[in-house]
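Spelled out, the chains give:
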Amino acid sequence: MSKLTIADKEFDSRLILGSARFPDPDTMRRSLKVSGTEIVTVALRRANLDRDDSEDILSYLDQDDYFILPNTAGCYTAKEAVLTAQMAREALGTNWVKLEVIGDDETLFPDVPELLKAAEQLIMEDFVVLPYANDDPITCKKLADMGCAAVMPLGAPIGSGMGIRNPYNLQIIREQVEVPVIVDAGVGTASDAAIAMELGMDAVLMNSAISQAKHPVKMAEAMKLAIDAGRLAYESGRMTRRLYAKASSPVEGKMEVTGANE
Amino acid sequence: MSKLTIADKEFDSRLILGSARFPDPDTMRRSLKVSGTEIVTVALRRANLDRDDSEDILSYLDQDDYFILPNTAGCYTAKEAVLTAQMAREALGTNWVKLEVIGDDETLFPDVPELLKAAEQLIMEDFVVLPYANDDPITCKKLADMGCAAVMPLGAPIGSGMGIRNPYNLQIIREQVEVPVIVDAGVGTASDAAIAMELGMDAVLMNSAISQAKHPVKMAEAMKLAIDAGRLAYESGRMTRRLYAKASSPVEGKMEVTGANE
Amino acid sequence: MSKLTIADKEFDSRLILGSARFPDPDTMRRSLKVSGTEIVTVALRRANLDRDDSEDILSYLDQDDYFILPNTAGCYTAKEAVLTAQMAREALGTNWVKLEVIGDDETLFPDVPELLKAAEQLIMEDFVVLPYANDDPITCKKLADMGCAAVMPLGAPIGSGMGIRNPYNLQIIREQVEVPVIVDAGVGTASDAAIAMELGMDAVLMNSAISQAKHPVKMAEAMKLAIDAGRLAYESGRMTRRLYAKASSPVEGKMEVTGANE
Amino acid sequence: MSKLTIADKEFDSRLILGSARFPDPDTMRRSLKVSGTEIVTVALRRANLDRDDSEDILSYLDQDDYFILPNTAGCYTAKEAVLTAQMAREALGTNWVKLEVIGDDETLFPDVPELLKAAEQLIMEDFVVLPYANDDPITCKKLADMGCAAVMPLGAPIGSGMGIRNPYNLQIIREQVEVPVIVDAGVGTASDAAIAMELGMDAVLMNSAISQAKHPVKMAEAMKLAIDAGRLAYESGRMTRRLYAKASSPVEGKMEVTGANE
Amino acid sequence: MKLHVNGDTVDTNAETVQELLRQFDVEGNGKGTAIAVNDSVVPKENWNEYQLNEEDRIEIIRATQGG
Amino acid sequence: MKLHVNGDTVDTNAETVQELLRQFDVEGNGKGTAIAVNDSVVPKENWNEYQLNEEDRIEIIRATQGG
Amino acid sequence: MKLHVNGDTVDTNAETVQELLRQFDVEGNGKGTAIAVNDSVVPKENWNEYQLNEEDRIEIIRATQGG
Amino acid sequence: MKLHVNGDTVDTNAETVQELLRQFDVEGNGKGTAIAVNDSVVPKENWNEYQLNEEDRIEIIRATQGG
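Cut-off values and rules
Residues numbered from 1 in each chain as written. Chains lettered and ligands numbered in written order. Predicted model: local features only at pLDDT ≥ 70, side-chain atom pairs only at ≥ 80, totals over all residues. Heavy atoms only, no water. Helix = DSSP H or I, 4+ residues; strand = E, 2+ residues; numbered from the N terminus. Buried < 20%, exposed > 50% of the residue type's maximum accessible area, 1.4 Å probe, protein only. Contact = heavy atoms within 4.5 Å. Lys, Arg positive; Asp, Glu negative; His and termini not counted. Charge placed at Lys NZ, Arg CZ, Asp CG, Glu CD. Buried area = accessible area lost by both parts, 1.4 Å probe. Salt bridge = Lys/Arg side-chain N within 4 Å of Asp/Glu carboxyl O. Polar contact = N/O pair within 3.5 Å; in protein donor to acceptor, adjacent residues only side chain to side chain. Nonpolar A, V, L, I, M, F, W, Y, C, P; charged D, E, K, R; others polar. Least-squares fit on C-alpha atoms with pLDDT ≥ 70 in both. Core = buried A, V, L, I, M, F, W, Y, C linked by side-chain atoms within 4.5 Å. Phe/Tyr/Trp six-rings, centres within 6.5 Å; stacked < 30°, edge-to-face > 60°. Lys NZ or Arg CZ within 6 Å of the ring centre and 35° of its normal. Expected span 1.5 Å × (residues − 1).

### A word on the overall build of chain A
Now for step 1: Within chain A, the secondary structure is distributed over nine helices and ten strands.
Now for step 2: For chain A, the spread of C-alpha atoms along the principal axes amounts to about 90 × 40 × 35 Å.
Now for step 3: For chain A, buried positions account for 69% of its 262 residues.
Now for step 4: For chain A, the share of sequence-separated contacts (at least 6 apart) that also reach a separation of at least 24 residues comes to 65%.
Now for step 5: Between the mean site of the 27 positive side-chain charges and the mean site of the 40 negative ones, chain A shows a separation of 4 Å.

Put into structure tokens, the structure is as follows:
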């Protein structure tokens, strides 16, 4: 199975995970481990100044040696997103950023002009930008053309688990850009991830599908396998579809039975 | 991951493979091995009396220690199918049979009355009967009730690669019978197999999806992973679907940026 | 729009309606009228001997001059179905029958062997048989070959409103038999009916989609239009599908604007 | 069936047609007439100065008394689109415009920032703006909020005939904006149009589905019926879906037959 | 005489199908009704003379709403 | 005077938009035609007096079939 | 003696199934082969003594690739 | 001096970013924390000398779980 290259980094796993909404930190750690992921996303939030934040997710992720990808979740404007990315760079020592600039909090769909503006500025500031985008070929092409390291169209709304709602658009995007295409959001179960990979996507980023499953660790394993299954199937060149049947057992050499066709 | 039990036998793999239409015997052997399958189907055909059949598939399967499942492919009547099963028992020393009684050679759909008749007689003769059936809850229930060891509804026509055409019927069948439900035929790529397993199917039997892929060995690996992915996802209890988004990153604690919402 | 011919009778409408489960007889009458249907199905049940059956559906249907098609709903065996058909012929003076022989009362799927047996006997007794069948090409072909006047595969379970679950099977059936193919059961809304007709089906038989809508009379009109729309679209020869766009406005002769492509 | 109101105008028909790519002007005129449409779109192109443009589409449309809606097809920038709209207003005496600002000529998907910019400026110049948009709730909401008279998300790429690729997004858009939602592009056959209307869309704009059908006039009639069917079904309140069957014929009062259940 | 009519046991003096129907007030010449005795249809034209016997199972059915 | 009309370079004596249109036989009062000079629309009522200058870019457009 | 073996008419001196198999060089004790005479399976242990008759229809089948 | 720290108004004697952090017991040299004053990031190496002014808006943020 071929490797995933984003910017100048090479990854064995084509599964990128979010760290949010797990029942508890231990379940998160075991899920991440089992999933085989190498990249984990984190958000940036105000430090709680009144008490010590006992659960320090970052230390776990650091100990387990993940490549940490900060996001700009919750930002509505380019200005907010750019500052958040700068803060993330300062806090985490990475110039990679999962760029989210959303339009509202009901759909969490991107705000396209603000997203483009933020991407442009962050690229000028030498960030490696991985933008969460609509499944819109034009926006994705613009993002790729301006120098984003990958484009990350959504499969369905964040946290919806609705799967790959429009495989056609993803297919067009895959054909229109050179950089990796990563499906970000929408995957709800293993077959969704496999379908994304079979469409030729380079990776899948997910969070709720694992953290909100009844058994997150088991689902993490399912996702690991599904990503590999889908990628291998893509590389295998699937059989052609046909409306009618085609016997797999040989049709010649059948024995004759008296009265069989009476 | 729980094991598969058919009749009195337990299997680790939930993938059953046909041995037909591989580009060559070596590709077949490697594909079977990589797939992790424990059960392989064979057909029965007239021996070629003019020359030695140089490629003896059976000896390979025997060497590699697969559980061999003879089929009655190509039979149009209960009489033909029963005799073929008896011949298979004699030839292979197994009382297991994948029972196929088809209605025509264009669709290769089962002939329901002949299938039921053949199943009934074979069960009386102490066969372990695994019937290839329509995705028809009534026929499957009859087959289960009369003592078939499993029911094997089709996902789509044999050799069509059209995937799981009617997941609803499979779901109903799964709820209506106690014995294992094995999707036989129709799977074309890895996600099809995962979908079948996520529907709660107990196993998938396939052939062309692997043997007719451009790279069969790679696809065999894809299928192994997809079956496990789908089963694990089924056992994990997937997240619930929702039309609208739900943020995975925390919504509280976002920093404030001047003029962000102007 | 071409006419529908079943046996020796010609119909203008390709919509066949059931008369059951309307909120009240007046709504039924108005729905039937608005739908444009010419054929209405009825069931046969024990007369209530204790009191006068005040609502006599039959008299309404007779007054409004519908072609009445008795069904054998609720029959589980060929014997029951044949006797019911004979009773219907006696009661209604018609040798047409919608033949239903079901396998259980949860799925209401047909019992294939009993259905075939009943059809065979009724054809010998000179009935015009319209059998409700699985979307199974083999069973439908047998029914057509033995002399049924039409075949009526289900789109989805009776009363489920799930639409056309497996258009591929219906398409195969349409190609495999010469007699009219009528989708019986499953249609839930107008587009389902249009889809059935676009697949080349000759007619659609429905009941709950209208009688269980919030506004049955309005839905009856919707269905009338949808059936005609689907049939006309089928006869029109639809445009070909393409993954990419094709401009409808002319691409040449666009005016030039300075700096437009800056 | 309720009427369609856009800006201050009321229309009986919910079908809007393009005038392009018909085999000949007569077929166009007959198709438009049969479709019942009241609004017809036209493009603006350089006059042919070398010879008289013998076929003057406009005069036909005028004679037949359609409400003419000029488009800005082929424009890639806000500047081009605004000038085209101004030219259209001058040429046709209407301040209505179907605003198209596309990103490339392979997908014909909108360029979101340019579209928003053009819409904003045209609204300031008192145009009634009907923008062709992605099926993106955020962009549609911005367009509605800035004062567009309707939003026109695509069902699939222009001229693709792929149908409604992502009904979920259209449903979200319908819930998020107050102005009419018109599906523009993608419809390929009658059921596609019905599906759009059943989703609660207010109208459908199409062109190739009719002009590229084998028999455009017949397809125009199909579309007229499908639009009405879908709208009526939407207003009727469809039956609820259920996985299992529900008998429509009464279950009580069935006669008893000896040995029926043996 | 004891008969089984539509699943109920009935004591009656009726000796023919026609008499039985009259007893139950079933409008016998109307369209929409049919009679079976012991799983065999009795055609309308025979109702008048068809003799009933002790323990006969009689089904009187009518057309009703159905899908 | 040299003008650029619909992308072609044209040598003309026409001094106003109206004269240019007459030269090209474009029916100037009919509905469906519009004129822009150097990316600005020239309203119909100004065609008569609108003076053209050397190197002006003129677009003469008409409504046509479109989707 | 004339037999029908796998659909072909064959003239043979073989009197038992075992002899017939030997004639065709079919490895009779190996796994994967079965014999039917006139639509009935002849078990391996009977091949030696099973007498063939004029016009018998014999099927010699083997396991092969199948789906 | 009055500052706005993470949205709350705070009265403090701290004169530099470093002092402010110490006051809040925020582990200042650890990975995972960043500071902005009036919408501009203050790099770690400047915390020590960065002078705060009355009414400054300070954001102290940390990496946390996110998708």
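### Digging into the interface of chain A and chain B
Now for step 1: Contact with chain A, which involves 76 residues of that partner, is made by 76 residues of chain B.
Now for step 2: Interface area lost by chain A to chain B is led by M239(A), K254(A) and M255(A), which between them contribute 11%.
Now for step 3: Counting the contacts that link chain A with chain B gives six salt bridges.
Now for step 4: One salt bridge in this structure joins E80(B) and K254(A), with 2.9 Å as the shortest N-O distance.
Now for step 5: The interface formed by chain A and chain B includes 36 residue pairs in polar contact (both at pLDDT 80 or more).
Now for step 6: At the level of secondary structure, the elements contributing two or more residues to the side of chain A that touches chain B comprise β4 (39-46), α3 (78-92), α7 (190-198), α8 (208-211) and α9 (216-236) of chain A.
Now for step 7: Considering every element that reaches the side of chain A that touches chain B, the biggest residue donor is α9(A), with twelve residues.
Now for step 8: A per-class count over the side of chain A that touches chain B returns 33 nonpolar, 23 polar and 20 charged.

### A short note on the arrangement of the chains
Now for step 1: A gap remains between chain E and chain G, with no contact made and the closest C-alpha atoms lying 42 Å from each other.
Now for step 2: Chain C makes no contact with chain H; the smallest distance between any of their C-alpha atoms is 32 Å.

### Details of the relation of the copies chain A and chain B
Now for step 1: For the pair chain A and chain B, the relating rotation is 180°, the translation along its axis is 0.0 Å, and the fit reaches an RMSD of 0.0 Å. Read as a symmetry element, the transformation amounts to a two-fold axis.
Now for step 2: Comparing contact sets, 100% of the residues at the interface of chain A also lie at the interface in chain B, consistent with an isologous, same-surface contact.

### Some words on the nonpolar core
Now for step 1: Counting residues in each nonpolar core, the largest one holds 310 residues, and the members touching the most others are M206(A), M206(B), M206(C) and M206(D).
Now for step 2: If near-sequence neighbours (up to four positions away) are discounted, M206(D) is found in contact with L15(D), I16(D), L17(D), G18(D), V187(D), A193(D) and M223(D).

### Notes on the packing of aromatic side chains
Now for step 1: Inspection of every chain in the model, using the stated rule, returns twelve aromatic pairs over all chains.
Now for step 2: Centroid distance F11(A) to F67(A): 5.9 Å. Interplanar angle 65°. Geometry classified as edge-to-face. Residue F11(A) is found in strand β2 (residues 9-11), and its partner F67(A) is found in strand β5 (residues 67-70); the two are separated by 56 residues along the sequence. As far as the burial class goes, F11(A) and F67(A) line up, both buried.
Now for step 3: Judged by centre distance (4.7 Å) and plane angle (75°), the ring pair of F67(C) and W96(C) falls under edge-to-face. Separated by 29 residues along the polypeptide, F67(C) in strand β5 (residues 67-70) and W96(C) in strand β6 (residues 96-99) bring together distant segments of the chain. Here F67(C) matches W96(C) in class, with each residue buried.
Now for step 4: Here the aromatic cluster, defined as three or more aromatic residues joined through ring pairs, consists of F11(A), F67(A) and W96(A).
Now for step 5: Above the plane of the ring of Y132(C) lies K98(C), whose end atom (NZ or CZ) is 6.0 Å from the centre.

### Brief notes about helix α4 (residues 112-124) of chain B
Now for step 1: Taking 1.5 Å of rise per residue, 13 residues should cover 18 Å, and α4(B) covers 18 Å from first to last C-alpha, within 8% of that figure.
Now for step 2: By the burial criterion, the buried members of α4(B) are V112(B), E114(B), L115(B), L116(B), A118(B), A119(B) and L122(B).
Now for step 3: Here the buried face of α4(B) lies against α3 (78-92), β6 (96-99), β7 (128-133) and α5 (137-146) of chain B together with α4 (112-124) and α5 (137-146) of chain C.
Now for step 4: For α4(B), the N-terminal capping position is held by D111(B), with its side-chain oxygen 3.2 Å away from the main-chain nitrogen of E114(B).
Now for step 5: Looking one or two residues beyond α4(B), the residue adopting positive phi is D126(B), at roughly 70°.

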